[in-house]
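If you want the building blocks of each chain, they are given just below.
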Amino acid sequence: MKGFSTRAIHAGQDPDPSTGAVILPIHTSSTFAQDGVGGLRAGYEYSRSANPTRTALQECLAALEGGSHGFAFGSGMGASDVLLRVLVRPGDHVVIPHDAYGGTFRLIDKVLTQWGVTYSAVDLGDVEALRAVLRPETKVVWCETPTNPLLGIADISAVAEVTRAAGARLVVDNTFASPYLQQPLALGADVVLHSTTKYVGGHSDVVGGALILSDDELAEQIKFTQNSVGSVPGPFDAWLTLRGVKTLAVRMERHSDNAERVAEALAAHPAVGKVLYPGLPEHPGHAIAARQMRRFGGMVSFLVAGGREAALKVCAGTELFTLAESLGGVESLIEHPHEMTHASVAGSALEVPDSLVRLSVGIEDVGDLVEDLTHALDAVR
Ligand SMILES: *Cc1c(COP(=O)(O)O)cnc(C)c1O
């Protein structure tokens, strides 16, 4: 198999045979000419079912995750919805992380439960805790690692083993790591999910999602369901995502370099109570992360010693770190999960501390980033 960046730049992206264009065209056509009824020229008939620009993105993502099938969606949540429609039925049970992405929690807690599905939220960093909530009707274990926003680490191989023994499927939301840092299919996951809005796209200019898997039968069901419900990305979105993914490896290296430096600087600052970053040797998941990830990524969270008010002040006090939701772009972002990305879990068992601040460390010059954070933290010490 070719190296990661070679696949990112070339998989699914041969020069256009009709013109020689090196860069894949944005195929805006909604429909495709047929040579006689049913005589498709290249397998395409209507762009909800399949579109050549989308196909290229799907082939590239499958190659990056080491899967046989890739599916691109209009958003990460669109991908999650289609996958859950395929995997669960009324009466089934789903296991989710106790600090699941807020939107995933909302989809399961508010939408899926209307259809008679139950769920348990557990710390998947604790395999015994997982074992304790599994039931005969458990069909899915939904894993995130690192988790959002607490940066917890689950041992994918161990979770896969327990999940398989229970007759359930393991879904890994690989959004935080990206396929460059972690490849869950090789560790035993059945399906990998991405919000390509984040690191895969990488430039905060397009919303999208993806599923990657190797099971042919499951892939047929996903294809059928996606076409039935219509949650597809437009060709321009697919193209932008593909443009972003070409530089994924170099971006992730730089995100990791910068986040390591930022985590160290935060740990040394008196206004910071605790730094949550799997790259720090004192992080409880450090050894597992070092085993299953190439590096530790660009997400860093920390608790502000002064509590909620101080945390809000830090979020409002940076200049380079823009106060905004989302993550994974080249620019640095800061946010207060309790009142922003994770407001939907407030009051539930998944509630996050109100002194928590989450950073998406971008690829700017790291000295400038550290200076910006230090300045904002000095104001609350
Ligand atoms: C953003 C995100 C999602 C949802 O993706 P959208 O593209 O916003 O629909 C799912 N999981 C994680 C970990 C995310 O960060």
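On a predicted model such as this, the values are computed, not experimentally measured, just so you know. (Residues numbered from 1 in each chain as written. Predicted model: local features only at pLDDT ≥ 70, side-chain atom pairs only at ≥ 80, totals over all residues. Heavy atoms only, no water.)

Caption draft 1: Up close: the domain arrangement of the protein. Domain boundaries assigned for the protein yield domain 1 (4-245) and domain 2 (250-378). Placing a centre on the C-alpha atoms of domain 1 and another on those of domain 2 gives a separation of 26 Å. Both faces combined, the contact of domain 1 with domain 2 buries some 3000 Å², and carbon together with sulfur accounts for 62% of it. Among the residues of domain 1 in contact with domain 2, Y180, L181 and Y199 are the three that bury the most area, contributing 25% of the side total. The interface formed by domain 1 and domain 2 contains 1 salt bridge. A salt bridge links D155 to R291; its shortest N-O distance comes to 3.0 Å. Across the contact surface, domain 1 and domain 2 share 15 residue pairs in polar contact (both at pLDDT 80 or more). (Domains from an automatic or database assignment. Buried area = accessible area lost by both parts, 1.4 Å probe. Salt bridge = Lys/Arg side-chain N within 4 Å of Asp/Glu carboxyl O. Polar contact = N/O pair within 3.5 Å; in protein donor to acceptor, adjacent residues only side chain to side chain.)

Caption draft 2: How the structure looks around the site of the ligand. Around the ligand sit S75, G76, M77, Y101, D173, T175, S195, T197, K198, G208 and L327, and those are all the residues in its vicinity. The side chain of D173 places a nitrogen or oxygen atom 2.6 Å from a nitrogen atom of the ligand. (Near = heavy atom within 4 Å.)

Caption draft 3: View of the environment of S5. Its location among the elements puts S5 in helix α1 (residues 4-10). Considering only alpha carbons, one finds S5 and Q58, 53 residues apart in sequence, at a separation of 16 Å. (Helix = DSSP H or I, 4+ residues; strand = E, 2+ residues; numbered from the N terminus.)

Caption draft 4: Quick peek at the layout of surface pockets. Taken as a whole, the largest pocket spans an internal volume of roughly 500 Å³. In terms of lining, the largest pocket is formed by 29 residues, of which the most central are L150, L151, G152, H283 and P284. Listing elements by their share of the lining of the largest pocket, those giving two or more residues are α10 (248-267) and β8 (272-276). Sort the elements by how many residues they give to the lining of the largest pocket and β8 lands first, with 5 residues. In terms of residue class, the lining of the largest pocket is made up of 17 nonpolar, 7 polar and 5 charged. Built from parts of two domains, the lining of the largest pocket gets at least three residues from each of domain 1 (4-245) and domain 2 (250-378). (1 Å grid on protein atoms, 1.4 Å probe; cavity = no way out; pocket = protein on both sides within 12 Å on 5 of 7 lines; lining within 4 Å. Points joined across faces, edges and corners; volume = space filled by probe spheres on them. Nonpolar A, V, L, I, M, F, W, Y, C, P; charged D, E, K, R; others polar.)

Caption draft 5: The arrangement of the sheet that holds β8 in detail. With mixed pairing, the 5 strands of this open sheet are ordered in space as β8-β9-β12-β11-β10. The open sheet terminates on both sides in strands that have one partner only, identified here as β8 and β10 (322-323). Most of the contacts of helix α12 (residues 307-317) go to strand β9 (residues 299-304), to which it runs at about 135°, and overall it touches β9, β10, β11 (333-335) and β12 (356-360). (Pairing = 2+ DSSP bridges. Contact = heavy atoms within 4.5 Å. Axes fitted to C-alpha atoms, helices over the stretch in contact; angles between N-to-C directions.)

Caption draft 6: Highlighting the nonpolar core. V262, L266, V275, V300, F302 and L359 are the most contacted members of the largest nonpolar core, which totals 65 residues. At 7 residues, α10 tops the list of elements feeding residues into this core. Built from parts of two domains, this core gets at least three residues from each of domain 1 (4-245) and domain 2 (250-378). Residues in contact with F302, not counting those within four places in the same chain, are L266, V272, K274, V275, L276, V314, S355, L356, V357, L359 and L377. If you look at the next biggest cluster of nonpolar residues, it comprises 29 residues, including V86, I96, L213 and I222. (Core = buried A, V, L, I, M, F, W, Y, C linked by side-chain atoms within 4.5 Å. Buried < 20%, exposed > 50% of the residue type's maximum accessible area, 1.4 Å probe, protein only.)

Caption draft 7: The arrangement of the pattern of salt bridges in detail. Counted by the stated rule, this structure contains 16 salt bridges. When the shortest N-O distance is used, the salt bridge between D109 and K110 registers 2.9 Å. Taking the shortest distance from any N to any O, the salt bridge between E260 and R295 comes out at 3.1 Å. Here E260, found in helix α10, pairs with R295, found in the loop between α11 (286-292) and β9; they are 35 residues apart in sequence, far enough to count as distant. With a relative accessible area of 26%, E260 lands in the partly exposed category. For R295, a relative accessible area of 15% translates into the label buried. Each of E253, D257, E260 and R295 takes part in salt bridges that share partners, so that together they form one network.

Caption draft 8: Spotlight on the sheet that holds strand β4 (residues 138-144). One open sheet accounts for 7 strands, arranged β1-β7-β6-β5-β4-β2-β3; its pairing is mixed. Edge positions in the sheet fall to β1 (69-73) and β3 (118-122), since each has one partner strand and no second. Across the sheet, the axes of successive neighbouring strands diverge by a mean angle of 20°, strand direction being ignored. Inspection of the sheet shows β1 paired to strand β7 (residues 209-213) by 5 bridges, in the antiparallel sense. Within the sheet, the bridge partner assigned to G70 lies in β7 and is I212. Set on the sheet, helix α3 (residues 76-87) makes contact with β1, β4, β5 (169-173), β6 (191-195) and β7; between it and β6 the angle comes to about 155°. Sheet strands in contact with helix α6 (residues 156-165) are β4 and β5, and its direction is about 155° off that of β5.

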